[in-house]
Amino acid sequence: MSLNLHRMQLPREVIVGNGCLQLIGDVCGNLGFDKKALIITGKITNHIAAQKVSELLQDEGLEVDCHIVSSDIPTLDDVMQAEEVIEKLKPQVVVGVGGGTKIDIAKLSSAHKGAPFISVPTSASHDGMASPFASIKGLDKPSSIKAQSPIAVVADTSVIINVPYRFIASGCGDVISKFISTRDWKLAHEKKKEYYARYAASLALMSAQHIVENVDFFKPGSEEGLRVLLEALVSCGVAMCIGGTSKPCSGSEHLFSHALDLLSPNQALHGEQCGLGAIMMSKLHGMEWETVRDTLKKVGAPVTAREVGIPAERVVEALLKASKILPERYTILNEKQLTRKTAYELAKTTGVID
Ligand code: ZN
């Protein structure tokens, strides 16, 4: 018998603010984690925040171990190594401290081992901090894997504000791209009868609008801007928790970014690439693409491929490749079927290439 169930796993506690890292012990205590924790972090983020987290948890009487991941790009090997550590130490909770990579490794390894996971982001460059999905490299296609929702998110603005502003602008790019991903999801629903959760889509869309409405706060060193961004990123994560899919937050603009990752790995940040994709895909959708571009420009995210050193030809290639990497994801690219000529024109008319 098949049951028509919709199961949503949501974070139970989300704390955003200046100095909120101090509350990590409290958070663990409230959730009943009072004996043993494992921190998963990187070398740099260990100094930035993880050592502090460790001290704070030890002050609460917890036994704390720390697993330091050395690679910058998360692979299945890193996840398996983290799983072995969890298996051996059997912590009550795994605390992921870091940017996207370390959070993803902690999220996926804890999910595989059935341990709850707390997310302590040290960067805000994309929407993974509160989502139930992890992005892992080295698989046959770039995709996000279902892991688990964090049971708590502790995002300290006084920690994250220290990263170069480029990462914050990139986070804005990832959120602004929800104008397009939500359209693509609706399109897939209308054309392919795909499951569509209006509430999840609205929440993702609201996050993008939140950035537009508060765009003047975004400048280097602005804590108000960072707070707006963190709220938006958490909402995006919750939208994916509610939808049970990454679709509210990942459409044709993300496919373009995935294609760029295959063609020129590590050229630009995820949110920067999604932002460029969002400009072009909004034109394909017949939306007001100039508004998307102007918002990106105002927050300081790149609006041309030149700004991030991606050659024009690579942009055209990525546009052509985008619809083929995840064929099961129906987007505007399936409707428009770009040719080399129309892809070039799209990139050129939107000013992404010159
Ligand atoms: Zn993204």
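Report follows, based on the coordinates.

## Points about the packing of helix α3 (residues 76-89) against helix α4 (residues 100-112)
Okay, step 1: Where α3 meets α4, the closest approach of the two axes is 9 Å, and the angle between their N-to-C directions is 55°. Considered as vectors, α3 and α4 are oriented oblique to each other. The two elements α3 and α4 meet at a crossing, and its hand is right-handed. Facing Asp78, Val79, Ala82, Glu83 and Ile86 of α3, the residues of α4 in contact are Ile105, Leu108, Ser109, Ser110 and His112.
Okay, step 2: For the contact of α3 with α4, the class distribution of residues is 5 nonpolar, 3 polar and 2 charged.

## Describing the packing of helix α6 (residues 165-176) against helix α12 (residues 289-299)
Helix-helix packing is described using two parameters, namely the angle between the two axes and the distance between the axes.
Okay, step 1: α12 packs onto α6 with a crossing angle of 160° between their chain directions and a minimal axis gap of 9 Å. Relative to α12, the element α6 lies roughly antiparallel. Viewed along their axes, α6 and α12 form a crossing whose handedness is right-handed. Facing Tyr165, Ala169, Cys172, Gly173 and Ile176 of α6, the residues of α12 in contact are Val292, Thr295, Leu296 and Val299.

## Digging into helix α11 (residues 270-284)
Okay, step 1: End to end, α11 covers 21 Å across 15 residues, agreeing with the expected 21 Å (1.5 Å per residue, within 8%).
Okay, step 2: Summarising burial for α11: 13 of the 15 residues are buried, a large majority.
Okay, step 3: Just downstream of α11 lies glycine 286, where phi reads positive at about 75°.

## Some words on the state of the cysteines
Okay, step 1: The final tally for this structure, using the stated rule, is 0 disulfides.
Okay, step 2: For the unlinked cysteine cysteine 28, the closest cysteine sulfur is that of cysteine 20, found at 13 Å.
Okay, step 3: On the basis of relative accessible area, cysteine 28 is assigned to the buried category, the value being 0%.
Okay, step 4: The thiol of cysteine 66 is unpaired, and the distance to the nearest cysteine sulfur, on cysteine 28, comes to 14 Å.
Okay, step 5: Looking at cysteine 66, the relative accessible area reads 41%, which means it is partly exposed.

## Things to note about the nonpolar core
Okay, step 1: Of all hydrophobic cores here, the largest spans 80 residues; its most connected members are Ile211, Phe218, Leu229, Phe256, Val315 and Leu319.
Okay, step 2: Here this core takes 12 residues from helix α9 (residues 223-243), the largest share from any one element.
Okay, step 3: Excluding residues within four positions of it along the chain, valine 315 makes contact with Phe256, Met280, Ala305, Ile310, Ala347, Val352 and Ile353.
Okay, step 4: Ala37, Ala49, Ala50 and Leu56 belong to the second-largest nonpolar core, a separate cluster that totals 25 residues.

## Looking at a negative patch on the surface
Okay, step 1: Together, Asp26, Glu55, Asp59 and Glu60 make up a region of like negative charge exposed at the surface.
Okay, step 2: Positionally, glutamate 60 belongs in the loop between α2 (43-59) and β3 (63-69).

## Here we look at the side chain of aspartate 184
Okay, step 1: Here aspartate 184 shows up in helix α7 (residues 178-192).
Okay, step 2: Among buried Asp, Glu, Lys and Arg side chains, aspartate 184 stands out as unpaired, with arginine 183 the closest opposite charge at 8.7 Å.
Okay, step 3: For aspartate 184, the side chain forms a polar contact with the main-chain nitrogen of isoleucine 332, separated by 2.9 Å.
Okay, step 4: Those residues within four positions of aspartate 184 in sequence are excluded, and the remaining contacts are Gly251, Ser252, Glu253, His285, Tyr330, Thr331 and Ile332.

Reading guide: rules and limits
- Residues numbered from 1 in each chain as written.
- Predicted model: local features only at pLDDT ≥ 70, side-chain atom pairs only at ≥ 80, totals over all residues.
- Heavy atoms only, no water.
- Axes fitted to C-alpha atoms, helices over the stretch in contact; angles between N-to-C directions.
- Helix = DSSP H or I, 4+ residues; strand = E, 2+ residues; numbered from the N terminus.
- Parallel < 35°, antiparallel > 145°, perpendicular 65-115°, else oblique.
- Left-handed = near helix turned anticlockwise from the far one by under 90°.
- Contact = heavy atoms within 4.5 Å.
- Nonpolar A, V, L, I, M, F, W, Y, C, P; charged D, E, K, R; others polar.
- Expected span 1.5 Å × (residues − 1).
- Buried < 20%, exposed > 50% of the residue type's maximum accessible area, 1.4 Å probe, protein only.
- Disulfide = S-S within 2.5 Å.
- Core = buried A, V, L, I, M, F, W, Y, C linked by side-chain atoms within 4.5 Å.
- Patch = residues over 30% accessible without salt bridge, like charges linked within 9 Å, V, L, I, M, F, W, Y side chains within 5 Å.
- Areas by Shrake-Rupley, 256 points an atom, 1.4 Å probe, with all protein chains shown as cover.
- Salt bridge = Lys/Arg side-chain N within 4 Å of Asp/Glu carboxyl O.
- Lys, Arg positive; Asp, Glu negative; His and termini not counted.
- Charge placed at Lys NZ, Arg CZ, Asp CG, Glu CD.
- Polar contact = N/O pair within 3.5 Å; in protein donor to acceptor, adjacent residues only side chain to side chain.

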